[in-house]
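# Topology and contacts: notes
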Amino acid sequence: MATVVMLGKLADLAQAGTIALPLPLSKPLDWEGLKAALPPALAEALEDPRIRVAINGALLPNKTKLQAGAGDEIALLPPVSGG
């Protein structure tokens, strides 16, 4: 099981701040597998190139290189604005 944490508009789309995902035992969860496991509206929002991903608190330089295993926390980080 991996935990997906959504922030901002992504949490609104998911209607939850976190989702627990069962993981296959044979291989780690990759970016395409993550998108396939999420609700369609959320998966579509992840196509935004500004969405960043962190795994266990470490920001990934390239979200398509995601490799998550059991017990990992995957954070989906939308772009933010402020001043």
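Just above, that's the structure.
The present account deals with the structure reproduced in this document.

### With respect to the sheet that holds strand S1 (residues 2–6)
If you trace the five strands from one edge of the open sheet to the other, you get S2-S1-S5-S3-S4, paired in mixed fashion. Each edge of the open sheet carries a strand with a single partner, namely strand S2 (18–21) and strand S4 (58–59).

### As for the side chain of Asp72
Relative to the helices and strands, Asp72 resides in the loop between S4 and strand S5 (73–77). Here Asp72 is buried and forms no salt bridge, its nearest opposite-charge partner Lys27 lying at an N-O distance of 15 Å. Looking at Asp72, its side chain comes within polar contact range of the side chain of Asn56, at 2.8 Å. With near-sequence residues (within four places) excluded, Asp72 lies in contact with Met1, Ala2, Thr3, Ile55, Asn56 and Gln67.

### Concerning the pattern of salt bridges
In total, this model carries four salt bridges according to the counting rule given. Its salt-bridge partner being Asp48, residue Lys9 comes within 4.0 Å of it at the nearest N-O pair. Residue Lys9 is located in helix H1 (residues 9–14), and its partner Asp48 is located in the loop between helix H3 (40–45) and strand S3 (52–55); the two are separated by 39 residues in the primary sequence. Accessibility expressed as a relative area gives 40% for Lys9, which makes it partly exposed. A single network of salt bridges, built from pairs that share partners, joins Lys9, Asp48 and Arg50.

### So, the pairing of S1
If a strand is regular, its side chains alternate between the two faces of the sheet. Of all five residues in S1, four are buried; the element is thus mostly enclosed. In terms of strand pairing, S1 meets S2 through four bridges, oriented antiparallel. When the bridges of S2 are listed, Ala2 appears paired with Leu21.

Reading the values: the criteria
Residues numbered from 1 in each chain as written. Predicted model: local features only at pLDDT ≥ 70, side-chain atom pairs only at ≥ 80, totals over all residues. Heavy atoms only, no water. Pairing = 2+ DSSP bridges. Helix = DSSP H or I, 4+ residues; strand = E, 2+ residues; numbered from the N terminus. Buried < 20%, exposed > 50% of the residue type's maximum accessible area, 1.4 Å probe, protein only. Lys, Arg positive; Asp, Glu negative; His and termini not counted. Salt bridge = Lys/Arg side-chain N within 4 Å of Asp/Glu carboxyl O. Polar contact = N/O pair within 3.5 Å; in protein donor to acceptor, adjacent residues only side chain to side chain. Contact = heavy atoms within 4.5 Å.

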